[in-house]
Amino acid sequence: MRELHFKDSFWNTDINSTAGYDNIIQHLNDGKRTCKEIEDFMKARAAIEEKYAKELLGLSKKVCGHSEMNTLKRSLDVFKLQTENVSLSHLHLAQTMREEAKKLEDFREKQKEARKKIEQQMDALHKQKAAQYKKTAEAKKTYDQKCRDKEEAEQNMNRNATTSSSKQQEKLYAKTQQAKQTAEEADRIYSQNVSVLGKMREEWLKEHVKACEFFEKQEVERINMLRNVVWTHLNHLSQQCVTSDELYEEVRKSLEQCNIQEDLEHFINLRRTGDKPPAPVPYENFYNNQRAAASLPTVFRRAAAPPPPTPENDPLYSTVAEPGYSLIRY
């Protein structure tokens, strides 16, 4: 199948029509807008990455497992360190995205400036061609009218050839000759304008082909540029995932070295207080303690005062030393 190209596909039978050219320019303007949209997208994504990186960096500075010790503490330290490294990698990614967006911006501006020269040249040709066509059309109108005037003068002279006087015939002849000269001059001017328009048309055709080839080349470069930019953008994102996973793998390796029994023994050796538990607290009966006190060796002291006489029918009180002592004995 034959490949299609701009230079073969945007003509018009109307010499004054610029519809095909206008379609190309509109498409190029749409492409320029797409470049700007992709550029803005990448800048916005870079801002998101930078914000995330800064928040992640702040998070990595927060206290996390400060009171831990031994292997778990080392793992948590690696966890914080790699979190910081991940945040730095995202900062680097944000900067890379900005650089890619700047390349796209430079490319867009470069194409814009190059197109500007061609568009100005083509716009000038279109105006000149339209002006010359208008001038040629007016010359043709004048030429047609002068030809009709000449024919009318000749017919008038022929009609009055036998009826008019010689003097009138001379006037009619002079008028006919004047109309003929005027028609010839109009023909010359009209022919000259057609010739100029033809040359101008040839120049416009060549420049239109050149412009179409230039614009098609720009479009090829633009599509290729956008394709590569997006492809590279995705490669950076994929690489970021790989980098993050590599950093997280360091944390996983550290966690694999985390030994629960070792951490327990480390804490025990560091903070141990002894290996003997307290003895059981015995139950001590109050009254047994009293009897035990009574069985102690007798200490000679001054005799106690005799008990007071007990009236009849009063309850008897016993002394502590008596067997079967109780609080009250009735």
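This text follows the structure it describes.
All values reported here derive from a predicted model rather than from experimental measurement.

What counts as what
Each chain carries its own residue numbering, running from 1 in the written order of its sequence. It should be noted that, the model being predicted, local features are given only for residues of pLDDT at least 70 and side-chain atom pairs only at 80 or more, the latter also being counted only at that level, while totals for whole chains, interfaces and linings use all residues. Remark: hydrogens and water are excluded; side-chain values derive from all non-hydrogen atoms of the structure. To qualify as a helix, a DSSP run of H or I must reach at least 4 residues; to qualify as a strand, a run of E must reach at least 2; elements of each kind are numbered from the N terminus. Each residue is placed in one exposure class: buried if its accessible area under a 1.4 Å probe, protein chains only, is under 20% of its type's maximum, exposed if it is over 50%, and partly exposed if it falls in between. Note on contacts: a residue pair qualifies if any of its non-hydrogen atoms lie within 4.5 Å across the two residues. Residue-level accessible areas treat just the shown protein chains as cover; the underlying method is Shrake-Rupley with a 1.4 Å probe. Only the contacting stretch of a helix is used when fitting its axis, a line to C-alpha atoms as for every element, and angles between N-to-C directions run 0 to 180 degrees. Basically, the charged four are Asp, Glu, Lys and Arg, the nonpolar ten are Ala, Val, Leu, Ile, Met, Phe, Trp, Tyr, Cys and Pro, and anything else, Gly included, counts as polar. A pair of aromatic rings is counted whenever rings of Phe, Tyr or Trp (Trp by its six-membered ring) have centres within 6.5 Å, and the orientation is called stacked for planes under 30 degrees apart, edge-to-face for over 60 and tilted otherwise. As used here, the term nonpolar core means buried Ala, Val, Leu, Ile, Met, Phe, Trp, Tyr and Cys residues forming a set that is joined through side-chain atoms within 4.5 Å.

J.: Honestly, the overall build of the protein in this entry has me stumped. Any pointers?
T.: Summing up its helical and strand segments, the protein has six helices and zero strands in all. Overall, the protein shows an N-to-C arrangement of helices and strands of α-α-α-α-α-α. Residues counted as buried form 25% of the 330 residues belonging to the protein. In the protein, of all internal contacts separated by at least 6 residues, the share reaching a separation of at least 24 is 83%. Of the roughly 24500 Å² of accessible surface on the protein, 55% is carried by carbon and sulfur atoms.

J.: When you look at the packing of helix 3 (residues 70–159) against helix 5 (residues 260–271) in this model, what are you seeing that I'm missing?
T.: At a minimum axis distance of 7 Å, the contact between helix 3 and helix 5 shows a crossing angle of 115 degrees. Two secondary-structure elements touch here, helix 3 through Asn 70, Thr 71, Leu 72 and Arg 74 and helix 5 through Glu 262, Asp 263 and His 266. Of the residues assigned to the contact of helix 3 with helix 5, the class counts are one nonpolar, three polar and three charged.

J.: Mind showing me how you'd approach the packing of aromatic side chains here?
T.: The geometry of an aromatic ring pair is captured by the separation of the ring centres together with the interplanar angle, meaning the angle of the planes. Counting across every chain of the model gives six aromatic pairs. Judged by centre distance (5.7 Å) and plane angle (85 degrees), the ring pair of Phe 6 and Phe 10 falls under edge-to-face. Under the relative-accessibility criterion, Phe 10 is labelled partly exposed at 23%. Ring geometry for Phe 214 and Phe 215: centres 6.0 Å apart, planes at 65 degrees, overall edge-to-face.

J.: Before we go on, may I ask you to explain the side chain of Arg 115 in this structure?
T.: Inspection of the secondary structure assignment puts Arg 115 in helix 3. In this structure, Arg 115 is in contact with Ile 25, Leu 28, Asn 29, Phe 214, Phe 215 and Gln 218, ignoring residues within four places of it in sequence.

J.: When you look at the nonpolar core in this model, what are you seeing that I'm missing?
T.: Nonpolar side chains in soluble globular proteins tend to end up buried together. By size, the foremost hydrophobic cluster in this structure holds 13 residues, and its most contacted members are Ile 24, Met 122 and Phe 215. Of all the secondary-structure elements, those providing two or more residues to this core are helix 2 (19–60), helix 3 and helix 4 (166–256). By residue number, the principal contributor to this core is helix 4, which donates five residues. Excluding its chain neighbours within four sequence positions, the residues that come into contact with Met 122 are Tyr 21, Trp 204, Glu 207, His 208 and Ala 211.

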